[in-house]
Number of protein chains: 2
Amino acid sequence: MACRELLLNAFDMNTVGHLAHGLWRHPRDRATDYKDIAYWQDLARTLERGLFDGLFLADTTGVYDVYGGSADAALRHAIQLPANDPAVLVPAMAAVTEHLGFGITVNLSHEPPYLFARRMSTLDHLSRGRLGWNIVTGFLDSSARATGSSGLTGHDARYERADEFMDVVYQLWEASWDDDAVVADALRGVYAEPSRVHRVRHDGPHYQIDAIHLSEPSPQRTPVLYQAGASARGIAFAIKHAECLFIPNQGRAATASLVKTLRERIAEAGRDPGSVRILTSLEVIVGQTGAEANDKLADYRRHAEPRAALAQFASATGIDLSRYEGDEPIRPAGGEAIQSAHDAITRGSATGAWTVNRLLAGMTLGGRFTPIVGAAAEVATELIDWADATGVDGFNLVRTVTPEGFADIADLLVPELQTRGRFKRAYAPGTLREKLLGGPPRLALPHPGAAWRRNP
Amino acid sequence: MACRELLLNAFDMNTVGHLAHGLWRHPRDRATDYKDIAYWQDLARTLERGLFDGLFLADTTGVYDVYGGSADAALRHAIQLPANDPAVLVPAMAAVTEHLGFGITVNLSHEPPYLFARRMSTLDHLSRGRLGWNIVTGFLDSSARATGSSGLTGHDARYERADEFMDVVYQLWEASWDDDAVVADALRGVYAEPSRVHRVRHDGPHYQIDAIHLSEPSPQRTPVLYQAGASARGIAFAIKHAECLFIPNQGRAATASLVKTLRERIAEAGRDPGSVRILTSLEVIVGQTGAEANDKLADYRRHAEPRAALAQFASATGIDLSRYEGDEPIRPAGGEAIQSAHDAITRGSATGAWTVNRLLAGMTLGGRFTPIVGAAAEVATELIDWADATGVDGFNLVRTVTPEGFADIADLLVPELQTRGRFKRAYAPGTLREKLLGGPPRLALPHPGAAWRRNP
């Protein structure tokens, strides 16, 4: 485990406020430029300069409207609202980079699989095989209302539908066009050999399809599959499909235990536990010196908005936290959602009641992360220790003041990690899948997606 | 009408073979690079050099499988198959241009309106207001099967559903965020004023929504609306919604008559006929001299594949033209689709039976267009005469050998049109809507989309 190179993603979103709320107000923060192509291209160049493995873009298809019973707090503080489409950023950033991966979040619940599969294939073509897909099945009730459902379908039923969705898109990506289907033979006038292109037929409870995939095979066919399921059914889904697992940061001990369990479950499922990358999220502030890093933290904190983090947390838990004040214990009552919310709030805490004050105290930079602050050497030590103690393969580093925070990581932290032999000195060649997993560019058995191929 | 500047779009598709089939085999044709970002960026730069108003990208969400009862011909000749997603090309091309418009085709039948509206808003943001949407409601039966419907819904019912879709996306684009909703006030910590953001509620037979639009207002809000409906119900839809109408090229007399009828119908609908641009499609080959242009035509023709055009025409008409040979009259029998197909085949022709040979003879460059061939002066005269005789505002110029054909237009034809005072010498400032229509950047009354605004 020791001496392995860490994976680092930048964790961001096509929005003003992602996970460190209020920082858009910092004079050097450029997050309000999220509507400009140049903003994203500059970020992509910065990340590639720092040899980041990928830019991981979160997404939400609803709004946070539990706090105070409305979206007012979300609008006022720009809590992931507005939130623009992440997928269409990829071509602009791919145009100015060569190696950086792009992990984009798409909630499959709202996508027609035939056209979704084509959009992803197109992005994989345009990025020359640098696309990852973070598979989300939806968690906001507001999202269901927005898209015309009367409410969320049951949690387990949602994953069954998701499994079926995956079967459909795997077939489109892996089974419709043979590797040698496109011959582009100008002399014979044959672009594709019809005998090597196959109709996908699927007739399931949720999806029916009878079609040739519209895109010829892209470098990776199926994009690299990310998943962040935390529930029992979500983890079962992830164990089956994911090549990269994002797990919540619950502290070292709980994370180590979860990583161990996950790798065991992956092995039980017949997959090589080493073929799956497990990442968790961290927030870091790096300075030339420890003092400079602490000054930065103090400076950033003046612009952070912990109340906004509380409003986001309200939607994550389903508890209207605007109803609680100060040191009043948060005691939600009734209902399954509230129970799981309660579990979330009390997770990792053995003693004492949760209160708004206690929650706010933990939301240093306008989010639920406790930043790791220091000179590059200190932060590098912390990251290495974290990885070695927990078994994670790397980290999603949360956006703070942007792009400054990512530039500091690229220019200060990465060289330090390289000196310790814990970060690559150059990108590996090939697609994102080859870079991340070291294997072939396409899904390999026993991954269920590969099983759909005619010659898997 | 005379002396008006013509509008020129490049008419293309994210595919190997668009409307001039076989030309991908030409040694100088780069269409097989359609999977590369650089190919599209180079094209966009070429078009902007030539002051093209826009790049209009067609799309299809099905395959042409009527000819011979399979998609074999489509695959072999790359007849709009493979066909990648056009929308995601926009950010890459917008990054290297400043003025060029992007008209992308999206079939609304397969789109969830809430997320579609966001994707379009994101593209309008990223392109700084240069997005146009060609509204399609679907025509291929294979597309319906691919997306899980058992077959196409009735033609008129489809347009009723499309009207409802428009009502939903208009509300998201025009009515959810007030113009002054985003204040981005760092001092007060307010990004958007909640009182200026409104929930869209729609409960119709086909779509239900209860949501805030996820995107803040983009430069144009609603993208410039293109439509190409040719049926009675399609024209009614276009008259109501379209800002640019694409009409089929049926020769000068029939086109002039159609333009006149359309402008009358637009006026009857209470809209200013001058507020709608009408374009038809032409295919041109321009040379330094007439002789050079004719040499080019002869050279291009050697690579054209008229049989592929026949296969595409089979899907457009619903007649399996592979069942007819040589001079055998094409006499399809029975059924409504066949009748309208028969109308299509016989349109513009008063005498004589249609045969495969007769159709093939008209498919000079692997498509249904008869190219206008000549030195710039000759082609310019032809285009100007065409516009003045028919009343169209301009042309979609079909891709031939690419990018050479568009470069010839930019470098030879455009200067000639400028000399005649019939083409702009510089782009007008502002959004695509301002450039095309000369008015405000956003929909204006009496357009029905503008009526949804709180202060229209």
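Keep in mind it's a predicted model, so treat the numbers as computed, not measured.

Digging into the overall build of chain A
Helix and strand content of chain A: 15 helices and 14 strands. The C-alpha radius of gyration of chain A comes to 22 Å, within 12% of the 23 Å expected for a compact globule of 456 residues. Expressed as lengths along the three principal axes of its C-alpha atoms, the size of chain A is roughly 75 × 50 × 45 Å. Long-range contacts, defined here as pairs at least 24 residues apart, represent 77% of the contacts in chain A between residues at least 6 apart. Carbon and sulfur atoms provide 49% of the accessible area of chain A, an area that totals close to 16000 Å². In chain A, which carries 47 positive and 55 negative side-chain charges, the distance between the mean positions of the two groups comes to 1 Å.

Quick look at the sheet that holds strand 2 (residues 54-58) of chain B
All names here are of chain B. Spatially, the eight strands close up into a barrel ordered 1-2-3-4-9-10-11-14, and their pairing is parallel. Between one strand and the next, the sheet's axes are offset by a mean angle of 30°, whatever the strand orientation. In terms of strand pairing, strand 9 (residues 224-227) meets strand 10 (residues 244-247) through two bridges, oriented parallel. Within strand 10, the position partnered with Gln227 by the bridge is Leu245. On the sheet, helix 4 (residues 113-126) packs against strand 3 (101-107) and strand 4 (131-136) and is oriented at approximately 150° with respect to strand 4.

A word on the packing of helix 13 (residues 376-390) of chain A against helix 14 (residues 404-419) of chain A
Residue and element names in this part refer to chain A. Two numbers describe how helix 13 lies on helix 14: the axes approach to 9 Å, and their chain directions differ by 60°. It follows from the interaxial angle that helix 13 and helix 14 lie oblique. For the crossing formed where helix 13 meets helix 14, the hand is right-handed. Residues Ala376, Ala377, Val379, Ala380, Leu383 and Ile384 of helix 13 touch helix 14, and the partners they reach there are Leu412, Leu413, Glu416 and Leu417. Along the lines of polarity and charge, the residues of the contact of helix 13 with helix 14 split into nine nonpolar, no polar and one charged.

Thoughts on the environment of Thr60 of chain A
All names here are of chain A. You can see Thr60 is positioned in the loop between strand 2 (54-58) and helix 2 (72-77). Accessibility expressed as a relative area gives 4% for Thr60, which makes it buried. Distance in space between the C-alpha atoms of Thr60 and Ser121 is 22 Å, their sequence separation being 61 residues. Here the side chain of Thr60 touches Gly62 through a polar contact of 3.3 Å, landing on its backbone nitrogen.

Regarding the interface of chain A and chain B
Across the contact, 70 residues belong to chain A and 70 residues belong to chain B. Buried surface at the junction of chain A and chain B, both sides included, amounts to about 5900 Å², of which 63% is carbon and sulfur. For the chain A face of the interface with chain B, the top three residues by lost area are Leu75, Val88 and Tyr191 of chain A, together amounting to 11%. Applying the counting criterion to the chain A and chain B interface returns eight salt bridges. For Asp36 of chain B, the salt bridge goes to Arg128 of chain A, with nearest N and O atoms at 3.9 Å. At the surface where chain A touches chain B, the tally comes to 20 residue pairs in polar contact (both at pLDDT 80 or more). Secondary structure elements with two or more residues in the side of chain A that touches chain B: helix 1 (37-49), helix 2, helix 3 (89-94), helix 4 (113-126), helix 5 (141-146), strand 5 (182-185), strand 6 (190-192) and strand 8 (208-211) of chain A. Per-element accounting of the side of chain A that touches chain B gives the leading share, eight residues, to helix 4 of chain A. Classifying every residue of the side of chain A that touches chain B gives 36 nonpolar, 17 polar and 17 charged.

So, the sheet that holds strand 3 (residues 101-107) of chain A
Pairing between the strands of a sheet is mediated by backbone hydrogen bonds and can be parallel or antiparallel. All names here are of chain A. The strand order 1-2-3-4-9-10-11-14 describes a closed barrel built from eight strands, whose pairing is parallel. Each neighbouring strand pair of the sheet contributes to a mean axis angle of 30°, computed without reference to strand direction. When strand 10 (residues 244-247) meets strand 11 (residues 277-282), the two strands line up parallel, connected through four bridges. When the sheet's bridge partners are listed, Leu245 is paired in strand 11 with Ile278. Against the sheet, helix 4 contacts strand 3 and strand 4 (131-136), and its axis sits at roughly 150° relative to strand 4.

A few points about the confidence of the model for chain A
Per-chain confidence: chain A averages 92 in pLDDT, with 92% of residues scoring 70 or above. Taken together, the chains of this predicted complex give a pTM of 0.96 and an interface ipTM of 0.95.

Comments concerning helix 14 of chain A
All names here are of chain A. End to end, helix 14 covers 22 Å across 16 residues, agreeing with the expected 22 Å (1.5 Å per residue, within 8%). Of all bends in helix 14, the biggest is about 35°, found at Leu413, and the proline Pro415 comes one to four residues later. Within helix 14, burial applies to Glu404, Gly405, Phe406, Ala407, Asp408, Ile409, Ala410, Leu412, Leu413, Val414, Leu417 and Gln418. Contacts made by the buried residues of helix 14 are with strand 1 (7-13), helix 1, strand 12 (284-287), helix 9 (290-301), helix 13 and strand 14 (394-398). Phi for Gly421, located one or two positions after helix 14, is positive at around 75°.

A closer look at the pattern of salt bridges
Inspection of the entire model under this criterion finds 68 salt bridges over all chains. Between Asp42 of chain A and Arg45 of chain A there is a salt bridge; the shortest N-O distance is 3.1 Å. One end of the pair, Asp42 of chain A, and the other, Arg45 of chain A, are both in helix 1, three residues apart, so they sit about a helical turn from each other. Measuring nitrogen to oxygen at the nearest pair gives 3.9 Å for the salt bridge that ties Arg196 of chain B to Asp180 of chain B. Taken as a pair, Arg196 of chain B in the loop between strand 6 (190-192) and strand 7 (200-203) and Asp180 of chain B in the loop between helix 6 (155-175) and strand 5 (182-185) lie far apart in primary sequence, 16 residues in all.

Examining the pairing of strand 5 of chain B
All names here are of chain B. As defined by bridge partners, strand 5 adjoins strand 6 across two bridges and the pair is classed as antiparallel. From the neighbouring strand, Asp185 faces strand 6, where its bridge partner is Val190. Between the end of strand 5 and the start of strand 6, which pair antiparallel, lie four residues, with Gly189 showing a positive phi angle near 75°.

Some remarks on the packing of aromatic side chains
Tallied over the entire structure, the rule returns 30 aromatic pairs over all chains. Where Trp386 of chain B meets Phe395 of chain B, the ring centres are 6.3 Å apart and the plane angle is 85°; that geometry is what we call edge-to-face. The exposure class of Phe395 of chain B is buried, given its relative accessible area of 0%. Here a set of aromatic residues connected by ring pairs shows up, and it is made of Phe116, Trp133, Phe165, Trp173 and Tyr207 of chain A. The cationic tip of Arg358 of chain A hangs over the ring face of Trp354 of chain A; the distance from NZ or CZ to the ring centre is 4.1 Å.

Concerning the environment of Asp124 of chain B
All names here are of chain B. Among the secondary structure elements, Asp124 is positioned in helix 4. Residues Asp124 and Asp385 lie 261 residues apart in sequence; the distance between their C-alpha atoms is 35 Å. Aside from chain neighbours lying at most four places away, what touches Asp124 is Gly129, Arg130, Leu131, Ser218, Pro219, Gln220 and Arg221.

Quick look at the packing of helix 6 (residues 155-175) of chain A against helix 7 (residues 232-241) of chain A
When two helices pack together, you describe them by how their axes are tilted relative to each other and by the distance separating the axes. Residue and element names in this part refer to chain A. Two elements in contact, helix 6 and helix 7, have axes whose closest approach is 9 Å; the angle formed by their N-to-C orientations is 15°. Here helix 6 lies roughly parallel to helix 7, going by the angle between them. With respect to the hand of their crossing, helix 6 and helix 7 are arranged in right-handed fashion. Residues His155, Asp156, Tyr159, Glu160, Ala162, Asp163, Met166 and Tyr170 of helix 6 form the contact with helix 7, whose own contacting residues are Arg233, Gly234, Phe237, Lys240 and His241. Tallied by class, the residues present in the contact of helix 6 with helix 7 amount to five nonpolar, three polar and five charged.

Criteria and cut-off values
- Residues numbered from 1 in each chain as written.
- Chains lettered and ligands numbered in written order.
- Predicted model: local features only at pLDDT ≥ 70, side-chain atom pairs only at ≥ 80, totals over all residues.
- Heavy atoms only, no water.
- Helix = DSSP H or I, 4+ residues; strand = E, 2+ residues; numbered from the N terminus.
- Rg over C-alpha atoms; globule rule 2.2 N^0.38 Å.
- Contact = heavy atoms within 4.5 Å.
- Areas by Shrake-Rupley, 256 points an atom, 1.4 Å probe, with all protein chains shown as cover.
- Lys, Arg positive; Asp, Glu negative; His and termini not counted.
- Charge placed at Lys NZ, Arg CZ, Asp CG, Glu CD.
- Pairing = 2+ DSSP bridges.
- Axes fitted to C-alpha atoms, helices over the stretch in contact; angles between N-to-C directions.
- Parallel < 35°, antiparallel > 145°, perpendicular 65-115°, else oblique.
- Left-handed = near helix turned anticlockwise from the far one by under 90°.
- Nonpolar A, V, L, I, M, F, W, Y, C, P; charged D, E, K, R; others polar.
- Buried < 20%, exposed > 50% of the residue type's maximum accessible area, 1.4 Å probe, protein only.
- Polar contact = N/O pair within 3.5 Å; in protein donor to acceptor, adjacent residues only side chain to side chain.
- Buried area = accessible area lost by both parts, 1.4 Å probe.
- Salt bridge = Lys/Arg side-chain N within 4 Å of Asp/Glu carboxyl O.
- pLDDT = per-residue confidence, 0-100.
- Expected span 1.5 Å × (residues − 1).
- Bend = angle between axes of the 7 residues up to and from the residue.
- Phe/Tyr/Trp six-rings, centres within 6.5 Å; stacked < 30°, edge-to-face > 60°.
- Lys NZ or Arg CZ within 6 Å of the ring centre and 35° of its normal.

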